Amino acid sequence: MTKPKPWRALKIKKIKKILIANRGEIAVRVIRGCHDLGLTSVAVYSEADQLSLHVRLADEAYLLGPSPSKESYLLQEKIIAVAKQANADAIHPGYGFLAENAGFAQKVSDAGLIFIGPPASAIELMGDKTAARQCMKKAKVPIVPGTESALSGPEEALTVSKTLGYPVLLKASAGGGGKGMRVVKSEKEIEAAFRAASSEAESAFGDGRVYVEKYLAEPRHIEFQILADNHGNVVHLGERECSIQRRHQKVIEESPSVVLDKKLRAQMGEAAVNAAKACGYQNAGTIEFMFENGGFYFLEMNTRLQVEHPVTELVTGIDLVKEQIRVANGEKLGYSQKDIRFSGHAIECRIYAEDSANNFMPSIGKIDFLQPAAGPGIRDDGGYYQGSEVSMFYDSLISKLVTFGKDREEAIARMKRALSEYLIQGVETSIPFCKMVMQHEKFINGDFDTHFVEKEFLNHLDELSTPSKEEEKIAVIAATLFHHTNNSKQLKPVNNKSNNTPKISNWKVAGRRR
Ligand code: MV4
């Protein structure tokens, strides 16, 4: 159970041990960051995740409860109690689950632990989309024309839309991720659209408030990574182009974006830094912009580490997880904006366990065979190993395959190689879909917006092919034989951790006494 001493110890005063309140690839990523800094990692897990990779890699692991997130990864008090019992100094939330929950961030601080993320106040402010717009307007960050407060009713929607000009977009104040949105093309649609957006927002967020913006028909989604310490220093780490998405789920991201030149990057970067300063931000965060016809507009701020952070790490050489831990520990950023250099090009393909050809349906089951891509310019941030289960309880991201090259062409060439090397059996994956995108002329030319997938692929999903099926099978059979003769103990539980479950008597899980 003892870890080897790191080659370079962190100048740490407070944080020595971190509980990671997450699972899958992001828990693995954060655990690696802890170990690179010589810190002790504490995993938490659900019943479905007893044999998972993050549990194996962590120094200690504690069972939270049954598989559903509500009975495990979302149990705020229990996670905090486990952190205290394990003698952790800090909690890293990863993304999803409790990452953008202001109440949780506050409870962690109130318990005397360090929350590795922004202050609760910044999470709360940015969670309210109209409050965020007010804040950005004040900070002179460009926003899409529209209202900065909720509409009083369909009548106000009508009068405001008249001045904006159609089409307009009704959005939920408590929203994000596309829920409670309605495009309105003309006056006669507005009342029904207002009611539909409001009731959808009410059922999704328990908050039916709706506001309105001018609708941008063909925006690109370009976001800026920022990093802020607790001493007022804020830098940006350039952009990520995230337009290749479907149904608000990103599939492919890259940095830099082909549409930004040095001047625009500096302008948008400055706006992102101002946005972070305006909301009193600390730690790592992302400012999302929409980009259309050379103009950019604040969309939302994500108050967490994001899935696609590796592309930024590869083009800046900055380890975002380590930086998050350092600034949470009270250290100053060791550099200013002019010290940050961007070099090369990075692309991320998200490998989901899904059947892209069948309407992107999640595909669950045991990963019978797994052979990730490797070699020059390739990084694979995965959360599973051969033999582990992709369960129905959580999102279906298996891994993030990231390539790096001296330029975009080299990064694409390496991605094509990596996707053809990558072998996964047992579940369907998004690999064939990503291969199609890499070969698409418009992708290669950088000619796409947020509607790329629906415009170019939704009628072509049946063309998704796995041309190397036969070769793949032979490779799998050979490797499986090898695996079973040499490596079969890999499938057994790690028993040095099974006794670490804290004895929290009388703990209520899902209404049951445990
Ligand atoms: C928009 C827009 C066009 N015009 N706002 C989608 C998610 C939500 N957070 C905001 N979204 C959008 N807001 C105006 N005024 C188009 C989208 C949008 C989108 C934005 C970013 C990435 C992907 C998207 C896919 C569909 C629609």
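Quick caveat, the model's predicted, so the values are computed rather than measured.

1. Thoughts on unusual backbone geometry
The phi angle of most residues is negative, glycine excepted, and most peptide bonds adopt the trans form.
Part 1 of the reasoning: With omega at 0°, the peptide bond leading from Tyr-166 into Pro-167 counts as cis.
Part 2 of the reasoning: Relative to the assigned elements, Pro-167 resides in the loop between helix H7 (154–164) and strand E6 (168–172).
Part 3 of the reasoning: A positive phi angle, near 65°, is found at Lys-140, a position not held by glycine.
Part 4 of the reasoning: On the secondary structure map, Lys-140 appears in the loop between helix H6 (129–138) and H7.
Part 5 of the reasoning: For Lys-140, a relative accessible area of 75% translates into the label exposed.
Part 6 of the reasoning: One non-glycine residue, Phe-360, adopts positive backbone phi at about 60°.
Part 7 of the reasoning: Among the structural elements, Phe-360 can be located in the loop between strand E15 (354–355) and strand E16 (361–362).

2. Description of the site of the ligand
Part 1 of the reasoning: The environment of the ligand is made up of 17 residues, and the closest members are Lys-171, Glu-213, Lys-214, Leu-216 and Glu-300.
Part 2 of the reasoning: Note that a nitrogen atom of the ligand is positioned 2.8 Å from one of the side-chain N or O atoms of Glu-213.
Part 3 of the reasoning: Here a nitrogen atom of the ligand and a side-chain polar atom of Glu-300 are 2.5 Å apart.
Part 4 of the reasoning: Against a free-state accessible area of 530 Å², the protein chains account for coverage of 92% of the ligand.
Part 5 of the reasoning: Sorting the residues of the shell around the ligand by element identifies E6, strand E8 (210–214) and strand E13 (295–302) as the ones contributing at least two each.
Part 6 of the reasoning: Lining the shell around the ligand are residues from two domains, each supplying at least three of them: domain 1 (145–214) and domain 2 (220–469).

3. Looking at the pairing of strand E1 (residues 17–20)
Looking down a regular strand, the side chains alternate between one sheet face and the other.
Part 1 of the reasoning: The two faces of E1 match: Lys-17 and Leu-19 on one face and Ile-18 and Ile-20 on the other face are all buried.
Part 2 of the reasoning: Bridging between E1 and strand E2 (residues 40–46) involves four bridges; their strand directions are parallel. Within the sheet, the bridge partner assigned to Leu-19 lies in E2 and is Val-42.

4. Focus: the sheet that holds strand E4 (residues 90–92)
Part 1 of the reasoning: Here five strands make up an open sheet; going across it, the order is E3-E2-E1-E4-E5 and the pairing parallel. The sheet is open, and its two edges are formed by strand E3 (60–65) and strand E5 (114–115), each paired on a single side.

5. Observations regarding the side chain of Gln-386
Part 1 of the reasoning: Along the chain, Gln-386 turns up in the loop between strand E19 (378–382) and strand E20 (389–390).
Part 2 of the reasoning: Gln-386 sits in the buried class, given a relative accessible area of 10%.
Part 3 of the reasoning: From its side chain, Gln-386 meets the backbone nitrogen of Leu-370 in a polar contact 2.8 Å long.

6. Observations concerning the sheet that holds E8
Part 1 of the reasoning: Taken in spatial order, the three strands make up an open sheet running E7-E6-E8, and their pairing is antiparallel. At either end of the open sheet lies a strand with only one pairing partner, and these are strand E7 (182–184) and E8. The mean angle between the axes of side-by-side strands here comes to 30°, regardless of whether they run parallel or antiparallel.
Part 2 of the reasoning: In this structure, E6 lies alongside E8, joined through five bridges in antiparallel fashion.

7. What to know about helix H4 (residues 102–110)
Part 1 of the reasoning: Listing the buried residues of H4 in full gives Ala-102, Phe-104, Ala-105 and Val-108. Seen along its axis, H4 keeps its buried residues to an arc of 165°; they face one direction.
Part 2 of the reasoning: On its buried face, H4 is in contact with helix H3 (76–85), E4, E5 and helix H5 (120–127).
Part 3 of the reasoning: By the N-cap criterion, in which a side-chain oxygen at the helix start approaches the backbone nitrogen of a residue two or three places on, H4 is capped by Asn-101, the distance to Gly-103 being 3.1 Å.
Part 4 of the reasoning: Downstream of H4 by a residue or two, Gly-112 has a phi angle that is positive, lying close to 80°.

8. Comments concerning H7
One turn of the α-helix equals 3.6 residues, which is why residues spaced by three or four share an orientation.
Part 1 of the reasoning: Pro-154, Ala-157, Val-160, Ser-161 and Leu-164 are the residues of H7 that are buried. The buried residues of H7 occupy an angular sector of 125° when projected down its axis, which confines them to one face. In H7, those exposed residues whose orientation departs by more than 90 degrees from the buried face are Glu-155, Thr-159, Lys-162 and Thr-163.
Part 2 of the reasoning: Among the structural elements, E6, helix H8 (190–205) and E8 are those in contact with the buried residues of H7.

9. Overview of the nonpolar core
Part 1 of the reasoning: With 62 residues, the main nonpolar core has Leu-19, Ile-91, Leu-227 and Ile-325 as its most contacted residues.
Part 2 of the reasoning: Within the second largest apolar cluster, 36 residues are counted, among which are Ile-351, Leu-401, Cys-434 and Met-436.

10. Focus on the confidence of the model for the protein chain
Part 1 of the reasoning: Confidence along the protein chain averages 91 in pLDDT terms, with 88% of residues attaining 70 or more.
Part 2 of the reasoning: Counting contacts from residues 1–9, a segment whose pLDDT is below 50, to residues more than four positions away or on other chains yields 12 contacts.
Part 3 of the reasoning: Residue range residues 487–514 is modelled with pLDDT below 50. Its contacts to residues more than four positions away, or to other chains, number 54 contacts.

Conventions used here
- Residues numbered from 1 in each chain as written.
- Predicted model: local features only at pLDDT ≥ 70, side-chain atom pairs only at ≥ 80, totals over all residues.
- Heavy atoms only, no water.
- Helix = DSSP H or I, 4+ residues; strand = E, 2+ residues; numbered from the N terminus.
- Buried < 20%, exposed > 50% of the residue type's maximum accessible area, 1.4 Å probe, protein only.
- Near = heavy atom within 4 Å.
- Polar contact = N/O pair within 3.5 Å; in protein donor to acceptor, adjacent residues only side chain to side chain.
- Areas by Shrake-Rupley, 256 points an atom, 1.4 Å probe, with all protein chains shown as cover.
- Domains from an automatic or database assignment.
- Pairing = 2+ DSSP bridges.
- Axes fitted to C-alpha atoms, helices over the stretch in contact; angles between N-to-C directions.
- Arc of directions from axis to C-beta.
- Contact = heavy atoms within 4.5 Å.
- Core = buried A, V, L, I, M, F, W, Y, C linked by side-chain atoms within 4.5 Å.
- pLDDT = per-residue confidence, 0-100.

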